[in-house]
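Residue-level listing of the chains:
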Amino acid sequence: ASRGAHWRRGSLLTTATTLVFNDTHAMDDASVGLIRQLCVDVRTRPWSIVVARRPGGTTDAAFPGAAVLPLMTLSADDADALVVAAARMRIPAARRVELSEHSGGNPLFLRALAETVASGGDPDVLPSEIEDVLTAHMDRLTPQERGWLRTAAVLGTRVDPEIGRAHV
């Protein structure tokens, strides 16, 4: 921008752009508000907005004008295949069903549960939510690694590994 130019809302995305927001079912109020404002702005811009969400999340926000991509739970067969692949060992069929039910069909949570059992974790004492699994993993990081993780979390879903090496 030229010296003295004033920023105008929407001036950065002036060409056809698709904005994709994942896991909107778990967003905080500020993030929901931002996406709602973008949904208002999309009427006068060359944008499209896609929101991916699970039914029954922490927020049931509506995003007028956005395409909603529902994230469905895994089928029983797909859940079983995921447990077998993630555990890389034999887990009895009954235990695989328990893990699948415990995860509520959430693939990330199910994989973490299967890996916990495969690494010797007590299958009778499993985390109740995916957040518990993630917190346990983060607790094992050094303070410097946790700082980098907090930074990387705001950079998006793909982070250049060189950024991490520069900060760790």
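To be clear, the structure that these remarks concern was listed above.
Remember, predicted model here, so these are calculated numbers, not experimental data.

Novice: So what exactly am I meant to see when it comes to the pattern of salt bridges here?
Specialist: Between side chains of opposite charge, a pair can form when the charged atoms approach closely. According to the stated counting rule, one finds three salt bridges in the structure shown. One salt bridge connects aspartate 80 with arginine 96, and the closest N-O pair in it is separated by 2.4 Å. Here the residue aspartate 80 occupies a position in helix α2 (residues 76-87), and arginine 96 occupies one in helix α3 (residues 93-103), the gap between them amounting to 16 residues. Judged by relative accessible area, aspartate 80 falls into the partly exposed class, the value being 27%.

Novice: Got a minute to help me understand the nonpolar core in this structure?
Specialist: Generally speaking, soluble globular proteins have nonpolar side chains that are buried together. With 15 residues, the main nonpolar core has Val83, Ile91 and Leu99 as its most contacted residues. Mapped by element, the contributors of at least two residues to this core are α2, α4 (107-118) and α5 (130-139). Excluding its chain neighbours within four sequence positions, the residues that come into contact with leucine 99 are Val83, Ile91, Leu110, Leu113, Ala114, Val117 and Leu126. Listed in part, the 13 residues of the second largest apolar core include Leu19, Phe21, Ile49 and Ala66.

Novice: What should I look at first to understand the sheet that holds strand β1 (residues 17-21) in this one?
Specialist: Consider a sheet: its strands pair through backbone hydrogen bonds, and that pairing is either parallel or antiparallel. The strand order across the open sheet built from three strands is β1-β2-β3, with neighbouring strands paired in parallel fashion. Sheet topology places β1 and β3 (67-70) at the edges, where each strand pairs with a single neighbour. Strand-to-strand, the axes of this sheet are offset by a mean angle of 20°, without reference to chain direction. Of the pairings in the sheet, the one linking β1 to strand β2 (residues 47-53) comprises five bridges and is parallel in character. Considered in β2, the bridge of phenylalanine 21 is made with valine 51. Its contacts with the sheet place helix α1 (residues 29-41) against β1 and β2, and it is angled at close to 145° to β2.

Reading the values: rules and limits
Residues numbered from 1 in each chain as written. Predicted model: local features only at pLDDT ≥ 70, side-chain atom pairs only at ≥ 80, totals over all residues. Heavy atoms only, no water. Salt bridge = Lys/Arg side-chain N within 4 Å of Asp/Glu carboxyl O. Helix = DSSP H or I, 4+ residues; strand = E, 2+ residues; numbered from the N terminus. Buried < 20%, exposed > 50% of the residue type's maximum accessible area, 1.4 Å probe, protein only. Core = buried A, V, L, I, M, F, W, Y, C linked by side-chain atoms within 4.5 Å. Contact = heavy atoms within 4.5 Å. Pairing = 2+ DSSP bridges. Axes fitted to C-alpha atoms, helices over the stretch in contact; angles between N-to-C directions.

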